[in-house]
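Report on the structure
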Amino acid sequence: MKCGWQLTAPNNSMVQLSVLQYHKKGDPNCSKESLTFYDGTDPSGKVLLEFCKILLKPFIIYSSGNVIFVQLKTSVGSDGTKLAIYYKAVPQNTDSGEG
């Protein structure tokens, strides 16, 4: 099963996304269980980050434009997934730690 969310900020902004918690049984190949962040409106965009198991510490990622697409992939009948994310719009000149 796949669930997806398109997170959109106003024009001339970026999406700052904070992942506070992700807890899932490990899938070393991400074939059945994963949490993936794409730069853009859908899964055809550049993969910013992909997780296949428990997140050990919170982190922040930024979009290059004003949209991030988040996809959660899980097995049917799977239980125990915990996900907590927070997002907000930030000015495009915000230091994203890249460069």
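Residues numbered from 1 in each chain as written. Predicted model: local features only at pLDDT ≥ 70, side-chain atom pairs only at ≥ 80, totals over all residues. Heavy atoms only, no water.

Attention shifts here to the side chain of Glu33. Note on placement: Glu33 falls in the loop between strand S2 (13-23) and strand S3 (34-39). Polar side-chain contacts of Glu33 include one of 3.0 Å to the side chain of Thr74. (Helix = DSSP H or I, 4+ residues; strand = E, 2+ residues; numbered from the N terminus. Polar contact = N/O pair within 3.5 Å; in protein donor to acceptor, adjacent residues only side chain to side chain.)

Another aspect to go through is the pairing of S3. Within S3, six of the six residues are buried, leaving the element largely enclosed by the surrounding structure. Both faces of S3 are covered, namely the face carrying Ser34, Thr36 and Tyr38 and the face carrying Leu35, Phe37 and Asp39. Bridge analysis of S3 against strand S6 (residues 67-73) gives six bridges, and the strand direction is antiparallel. Each bridged residue has a counterpart across the sheet, and for Asp39 the counterpart in S6 is Ile68. Adjacent in sequence and paired antiparallel, S3 and strand S4 (residues 46-51) are bridged by six residues, among which Gly40 carries a positive phi angle near 135°. (Buried < 20%, exposed > 50% of the residue type's maximum accessible area, 1.4 Å probe, protein only. Pairing = 2+ DSSP bridges.)

By size, the foremost hydrophobic cluster in this structure holds 15 residues, and its most contacted members are Leu17, Leu35, Phe37, Phe51, Phe59 and Val70. Elements represented by at least two residues in this core include exactly S2, S3, strand S5 (59-62) and S6. No other element matches S2, which puts four residues into this core. Not counting chain neighbours up to four residues away, the residues in contact with Phe59 comprise Leu17, Ser18, Val19, Phe37, Leu49 and Phe51. (Core = buried A, V, L, I, M, F, W, Y, C linked by side-chain atoms within 4.5 Å. Contact = heavy atoms within 4.5 Å.)

For the structure on display, the rule yields three aromatic pairs. Where Tyr38 meets Phe69, the ring centres are 6.4 Å apart and the plane angle is 50°; that geometry is what we call tilted. Placement of the pair is Tyr38 in strand S3 and Phe69 in strand S6, with a sequence separation of 31 residues. By the burial criterion, Tyr38 is buried, and Phe69 matches it. With 5.1 Å between their ring centres and 35° between their planes, Phe51 and Phe59 make a pair best called tilted. Here Phe51 matches Phe59 in class, with each residue buried. (Phe/Tyr/Trp six-rings, centres within 6.5 Å; stacked < 30°, edge-to-face > 60°.)

Our next topic: the environment of Leu56. As for its placement among the helices and strands, Leu56 is situated in the loop between S4 and S5. Linking Leu56 and Leu20, residues 36 residues apart in sequence, is a C-alpha distance of 9.7 Å.

A positive phi is found at Asn12, a non-glycine position, where the angle reads about 65°. The residue Asn12 is located in the loop between strand S1 (2-8) and S2 in this model. Here Asn12 falls in the exposed class, since its relative accessible area comes to 65%.

What follows deals with the environment of Lys2. Locating Lys2 in the fold gives a position in strand S1. Spatially, the C-alpha atom of Lys2 lies 9.4 Å from that of Ser34, the residues being 32 residues apart in sequence. Ignoring sequence-local partners within four residues, the contact set of Lys2 consists of Gln71, Leu72 and Lys73.

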